[in-house]
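For reference, the chains in residue letters:
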Protein chains: 2
Amino acid sequence: MADVAQLAGVSSQTVSRVSNGFPGVTEDTRAQVLAAMRELGYRPNSAARALRRGEFRTLGVITFSLSTMGNIRTLEAIATSAAEHGYAVTLLPVAVPTQDEVNGAFSRLGELAVDAVIVIMEIHLLDAATVSLPPGVQVVVADSDAGDRYTVVDTDQAGGARDAVRHLLDLGHDTVWHLAGPEGSFAAQRRANAWRGTLTEAGRTPPPLVRGDWSAESGYRAGLLLADEPECTAVFAANDQMALGLLRALHERGRRVPGDISVVGFDDIPESASFLPPLTTIHQDFAEVGRLCVEGVLSKMRRDGVEHGTTTLVPTRLVRRASTAAPRRER
Amino acid sequence: MADVAQLAGVSSQTVSRVSNGFPGVTEDTRAQVLAAMRELGYRPNSAARALRRGEFRTLGVITFSLSTMGNIRTLEAIATSAAEHGYAVTLLPVAVPTQDEVNGAFSRLGELAVDAVIVIMEIHLLDAATVSLPPGVQVVVADSDAGDRYTVVDTDQAGGARDAVRHLLDLGHDTVWHLAGPEGSFAAQRRANAWRGTLTEAGRTPPPLVRGDWSAESGYRAGLLLADEPECTAVFAANDQMALGLLRALHERGRRVPGDISVVGFDDIPESASFLPPLTTIHQDFAEVGRLCVEGVLSKMRRDGVEHGTTTLVPTRLVRRASTAAPRRER
DNA sequence: CTAGGCAATGTTTACGTAAACATCCACTGG
DNA sequence: CCAGTGGATGTTTACGTAAACATTGCCTAG
């Protein structure tokens, strides 16, 4: 910076002003400084900047293995949105979703060059970890159940599940079976609750719940079971991958989709339009989730507010494709 | 730090030594300092550290939209591997893969708290961007063609494609059709070249190449075409998504897989085991690619070497599933 | 014609850390 | 008994920046 100042014939402070786009610099001077910067290949040192300003202009994102499409898309949206606000994004991967690992990530956080944190993770892993959160670091949680202690941004899981079930009921199905996600997941839990609630509201009896683990393989196993249920004409799968496995099992067992059984998924992964048949599913707006996470955490930083427990829900959208139809009325 | 020093009754330098695990501190003193740190909730300020040390312990990863599964898995491996070496990972998303955007990302890089960069991107976008690379920042490129100017780590595209084609020939097919990726992609190009080369080597005539754009939708369109080719008994799709679309089209047209047509994909995405039928595909070891990227860039930093043009290939593995079989000999 | 004001620019300082150097002290060997 | 040695700890300083304050000089109103 000093070199630039000397070459431009000004003080280093003026260079700083130009570099930060501050007012109070003549157009001439500014041009001269810029020229000097270019000539010397000057780049501001972000460490010194951060030291001086007391902030890093960086957001940390804690997530374990970018396994699910949703998390990835959310991460991507966070990165893009953060960039728009002049923030960089640092990734804090947690290899195994155990309490210890999460605690470890949180304590490493303190030494990390990060102003705030966005957690993409089921919240129950967070509870015991709170203690080690460095003070002054704001947190927003995505993809999680509302805790009273965190600001949460999430897809409207319940609304999406309700739409899925209603769609099937509207088509004329007597009831809807549910292929749920793993027990430990709040997202799975909320989708299942909404499924049950919607059926009950409509005066239908919820059939026994079938459980998977989000994987296509588990959907396949569930499908083999469901294929043998003669009563089953409509299934709401808690995600698209399980729906994929389900479709394969039904096909193998000679059950037609949607002729014999209608299937609805959840997520709208890009491939779902090319399933056999193309899958009716609930579209999630991950880009919006990511955007809201960033804005939430930034606004928390600014006002230094401590409003815990705010939950923002991002609406979903039903995407109708070929895997759902009215039941055959043969009885 | 000064507070900790005072509480522990030592100098700040001793605190620094403890904080960095340096020798020359009595066990007693160390314990006292650690206690003081805990009591005051001391966390080293990474900005000051970086300023003093002249390095950030951070790697930048440039990638545009985490669209493909491969890039995501690579990114994840990079993050994990970097963490093991005590490095953090900062994400530099490029919204649109245009020259301008890439150049922009590279120039922003200079102001970013990053010691080295890993680029996950087709290299042709890099060529014109080189100029703005800040000096002293090492680069490793993943998922790209070898340039003489960069260190490249990539999956052995050619080897994988060769294995795919050979597998089909070994099963007894006369020749193999190829559903290629977009023209602009070097990965697609190399897979196509290896496909053609392997056929020629084996004395077969390569059928006309069919082109897609990586998406399942494009695979579907290609599949409609191929379903009408009576000669076609085996297809090698350049990725699993296109294979998925292909399977749907073939199914719709009443062509059995693998009865009438065998299909091989590329990538081994998790869903491919649940396709209809389960897809034979080429497994890529993205974790290894990520690991090698990190180690490559770190070793470049250490030796300050300037060995350009090194290319490391990570081997692939053929995963046999139900979508491939011997052709029916009815002629 | 001059005091006052304001815009443009310069000077000083502190941010938190770790390297380099300085000091202290206990112990060893002659 | 003392010089020498080496380990433990303390002191000084610089890293590059931007905030706070200081200075300069020009313009305008009275």
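Residues numbered from 1 in each chain as written. Chains lettered and ligands numbered in written order. Predicted model: local features only at pLDDT ≥ 70, side-chain atom pairs only at ≥ 80, totals over all residues. Heavy atoms only, no water.

You'll find chain A entered in an unreviewed UniProt entry as DNA-binding LacI/PurR family transcriptional regulator, with Streptomyces paradoxus given as the organism.

Let us look at the overall build of chain A. From N to C terminus, chain A includes 11 helices and 12 strands. In terms of overall size, chain A is more extended than a compact globule, its C-alpha atoms giving a radius of gyration of 26 Å where 331 residues would be expected to give roughly 20 Å. Its C-alpha atoms give chain A principal-axis dimensions of about 90 × 40 × 30 Å. A total of 331 residues make up chain A; the buried ones form 55% of that total. For chain A, the share of sequence-separated contacts (at least 6 apart) that also reach a separation of at least 24 residues comes to 72%. (Helix = DSSP H or I, 4+ residues; strand = E, 2+ residues; numbered from the N terminus. Rg over C-alpha atoms; globule rule 2.2 N^0.38 Å. Buried < 20%, exposed > 50% of the residue type's maximum accessible area, 1.4 Å probe, protein only. Contact = heavy atoms within 4.5 Å.)

UniProt's feature table lists "domain: HTH lacI-type" (unreviewed entry) at residues 1–53 of chain A, given in the numbering used throughout. The distance separating the terminal C-alpha atoms of residues 1–53 of chain A is 17 Å; by composition the span is 70% helix and 0% strand. (UniProt positions renumbered as here; feature names shortened; annotations may be inferred.)

Take the environment of G86 of chain A next. Tracing the chain through its elements places G86 of chain A in the loop between α5 (69–84) and β2 (88–94). Note: C-alpha distance between G86 of chain A and L209 of chain A (123 residues apart in sequence) is 46 Å.

Mapped onto the secondary structure, S274 of chain A falls in the loop between β9 (262–264) and β10 (281–283). Residue classification places S274 of chain A among the buried residues on the basis of a relative accessible area of 2%. Discounting chain neighbours no more than four positions away, the residues touching S274 of chain A are A216, E217, L244, G245 and R248 of chain B.

Near DNA strand D you find 25 residues, and of these M1, Y42, R49 and R52 of chain A together with T29 of chain B are the closest. Expressed as a percentage, the sugar and phosphate content of the atoms of DNA strand D within 4 Å of the protein is 58%. In the environment of DNA strand D, a base nitrogen lies 2.7 Å from a nitrogen or oxygen atom belonging to the side chain of R52 of chain A. Contact between DNA strand D and S11 of chain B: a phosphate oxygen at 2.8 Å from a main-chain N or O atom of the residue. When residues of the surface near DNA strand D are traced back to their parent elements, those giving at least two are α2 (12–19) and α4 (46–53) of chain A together with α2 (12–19) and α4 (46–53) of chain B. Sorting elements by how many residues they give to the surface near DNA strand D places α4 of chain A first, with four residues. Residue composition of the surface near DNA strand D, by class: nine nonpolar, 11 polar and five charged. (Near = heavy atom within 4 Å. Polar contact = N/O pair within 3.5 Å; in protein donor to acceptor, adjacent residues only side chain to side chain. Nonpolar A, V, L, I, M, F, W, Y, C, P; charged D, E, K, R; others polar.)

The subject of this paragraph is the nonpolar core. Core analysis: the biggest nonpolar cluster contains 48 residues, and L179, V235 and V263 of chain A together with L179, V235 and V263 of chain B have the highest contact counts within it. Breaking this core down by element, the ones donating at least two residues are β6 (177–180), α9 (216–227), β8 (234–237) and α10 (240–252) of chain A together with β6 (177–180), α9 (216–227), β8 (234–237) and α10 (240–252) of chain B. Excluding its chain neighbours within four sequence positions, the residues that come into contact with L179 of chain B are V210, R211, G212, G219, A222, V235, F236, A237, A238, M242 and L246 of chain B. Ranked by size, the runner-up nonpolar core spans 44 residues in total, among them Y87 and A116 of chain A together with Y87 and I118 of chain B. (Core = buried A, V, L, I, M, F, W, Y, C linked by side-chain atoms within 4.5 Å.)

All right, on to the domain arrangement of chain A then. All names here are of chain A. Structurally, chain A comprises domain 1 (2–44), domain 2 (54–154 + 286–314) and domain 3 (157–284). Each partner contributes residues to the interface: domain 2 has 10 residues there, and domain 3 has 10 residues. Summed over both sides, the interface of domain 2 with domain 3 buries roughly 890 Å², with 51% coming from carbon and sulfur. The interface formed by domain 2 and domain 3 includes one salt bridge. As a salt-bridge pair, D154 and R190 come within 3.5 Å of each other at their nearest N and O atoms. Applying the counting criterion to the domain 2 and domain 3 interface returns three residue pairs in polar contact (both at pLDDT 80 or more). For the side of domain 2 that touches domain 3, the per-class residue count stands at four nonpolar, two polar and four charged. (Domains from an automatic or database assignment. Buried area = accessible area lost by both parts, 1.4 Å probe. Salt bridge = Lys/Arg side-chain N within 4 Å of Asp/Glu carboxyl O.)

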